[in-house]
Amino acid sequence: MLHPNNSHLMFLTRKVEFSASHVCANPAWDEAENRRVYGANSNPNGHGHNFVLEVTISGQPDAITGMVFDLRELKEILNREVVEPMDHRFLNREVEPFDRVVPTTENLAMEIWRRICPAISGEGVRLHNVRLYETADLFVDYGGQEQGEVR
Amino acid sequence: MRLTRRYRFASSHRLDSPALTAEQNRRLYGKCNNPFGHGHDYVLEISVEGRVEENGLMIDREALDKLVEAKVLRRLDHKDLNRDVPELVGVPTTENLAQLVEGLLLADWPLAPRLARIRIAETERNTFELEAVAS
């Protein structure tokens, strides 16, 4: 039996992967300073990761469709805003705004939020979390806080 | 924002409560009560929470790694939790182990982001997680 009036808040997560190269360095600093702050990530010629992105949307299942959000639409949003522009790209040279913003995993997660948030709409539906794995052993979670604001 | 880093350590333990009889311990802990102990490859996740600095980083990864290595991994990796880790109070369940890790890290926590969460997988099937108290 379905109970369409007994709707719970639910969290739906979709995972996509993209492979990209980047350099984490501030052009205003010398190589030693960049190495001190960003470590091996500052190698001027770049290096790459198989980034894994998990996007979580919150909402209540629609009484008619039984869905929080159309997964096919979410797949298209993630492909259009993230995978197509970033997969097999050098982030610093090919993806805005990383020609002028250091593409740390933190900044990349915030940029992904900015790109996909406007496309996720619906009654009671909201983008809940962006989890970005740089490697299996390092990931960040971003919930849309303003820059500088602590969750 | 939260940043999570994953570490590994291998330790042995035996679950046996002095407050229970031998028979009660056997029934409660089952195989984990084997008198000679057994071990796990634990997977430890440390999450920190804070603001992203102007350099685009929330935390210096190396500083976090060094802290966890010095305070936690060095004490637990390739150790017997019952005999080699006197700081571990009570039965060395992964619940108690997670609370010990929290205590070890919060004592003189030197980093700007706060310790947010500790998650330990004892095996791939059993995971224990706690939200850290305010440091």
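Above this note sits the structure.
Residues numbered from 1 in each chain as written. Chains lettered and ligands numbered in written order. Predicted model: local features only at pLDDT ≥ 70, side-chain atom pairs only at ≥ 80, totals over all residues.

(A) Quick peek at the overall build of chain B. In terms of regular secondary structure, chain B is built from three helices and five strands. With respect to the three principal axes, the spread of C-alpha positions in chain B is 60 × 30 × 25 Å. Every one of the 135 residues in chain B was classed for burial, and the buried ones make up 23%. Long-range contacts, defined here as pairs at least 24 residues apart, represent 65% of the contacts in chain B between residues at least 6 apart. (Helix = DSSP H or I, 4+ residues; strand = E, 2+ residues; numbered from the N terminus. Buried ≥ 20, exposed ≤ 12 C-beta atoms within 10 Å, placed from the backbone. Contact = placed C-beta atoms within 7 Å.)

(B) Examining the interface of chain B and chain A more closely. Opposite the 15 residues of chain B that make contact, chain A presents 20 residues. Tallying contributions element by element places strand β1 (residues 2-13) of chain B first for the side of chain B that touches chain A, with five residues. The class makeup of the residues in the side of chain B that touches chain A is five nonpolar, four polar and six charged. With four bridges joining them, strand β5 (residues 138-142) of chain A and β1(B) adopt antiparallel strand pairing. Residue pairing across strands places Asp141(A) opposite Arg2(B), the latter belonging to β1(B). (Nonpolar A, V, L, I, M, F, W, Y, C, P; charged D, E, K, R; others polar. Pairing = 2+ DSSP bridges.)

(C) Representation of unusual backbone geometry in the model. Residue and element names in this part refer to chain A. Residue Glu 96 is joined to Pro 97 through a cis peptide bond whose omega torsion reads 0°. With respect to the helices, strands and loops of the structure, Pro 97 is situated in the loop between α3 (91-94) and α4 (105-116). Positive phi, normally seen in glycine, also occurs at His 88, with a value near 60°. By the secondary structure assignment, His 88 is in the loop between α2 (71-86) and β3 (89-90). The exposure class assigned to His 88 is exposed, which follows from the 11 C-beta atoms found within 10 Å.

(D) Inspection of α4(A) at higher detail. All names here are of chain A. The terminal C-alpha atoms of α4 lie 17 Å apart, and with twelve residues this matches the ideal 16 Å at 1.5 Å per residue to within 8%. Within α4, nine of the twelve residues are buried, leaving the element largely enclosed by the surrounding structure. Taken residue by residue, α4 has Thr 105, Glu 106, Asn 107, Leu 108, Ala 109, Met 110, Glu 111, Ile 112 and Ile 116 as its buried positions. Residues of α4 that are buried sit in contact with β2 (47-59), α2, β4 (126-135) and β5. (Expected span 1.5 Å × (residues − 1).)

(E) Up close: the nonpolar core. Formed by 47 residues in total, the largest nonpolar core has its most connected members in Ala109(A), Ile112(A), Leu132(A), Val140(A) and Val101(B). In terms of nonpolar packing, the next biggest core, distinct from the first, is built from five residues, Val23(A), Cys24(A), Ala25(A) and Val102(A) among them. (Core = buried A, V, L, I, M, F, W, Y, C linked by C-beta atoms within 7 Å.)

(F) Geometry of α2(A). All names here are of chain A. For α2, spanning 16 residues, the distance from its first C-alpha to its last is 21 Å, which sits close to the expected 22 Å at 1.5 Å a residue. Along its length, α2 shows its largest kink, about 45°, at Asn 79. Residues Leu 74, Ile 77, Leu 78, Val 82 and Met 86 constitute the buried set of α2. Tucked into the core, α2 has its buried residues touching β1 (10-22), β2, β3, α3 and α4. Looking one or two residues beyond α2, the residue adopting positive phi is His 88, at roughly 60°. (Bend = angle between axes of the 7 residues up to and from the residue.)

(G) Summary view of the packing of α2(A) against α4(A). Residue and element names in this part refer to chain A. Between α2 and α4, the shortest axis-to-axis distance is 10 Å and the interhelical angle comes to 130°. What the angle tells us is that α2 and α4 run oblique. In terms of crossing hand, the pair formed by α2 and α4 is right-handed. On α4, the residues touching Ile 77, Leu 78, Glu 81 and Val 82 of α2 are Ile 112, Arg 115 and Ile 116. A breakdown of the residues in the contact of α2 with α4 according to their chemical character gives five nonpolar, no polar and two charged. (Axes fitted to C-alpha atoms, helices over the stretch in contact; angles between N-to-C directions. Parallel < 35°, antiparallel > 145°, perpendicular 65-115°, else oblique. Left-handed = near helix turned anticlockwise from the far one by under 90°.)

(H) Structural view of the pairing of strand β2 (residues 38-49) of chain B. Across twelve bridges, β1(B) lies against β2(B) in antiparallel orientation. Opposite Ser12(B), over in β2(B), you have Gly39(B) as the bridge partner.

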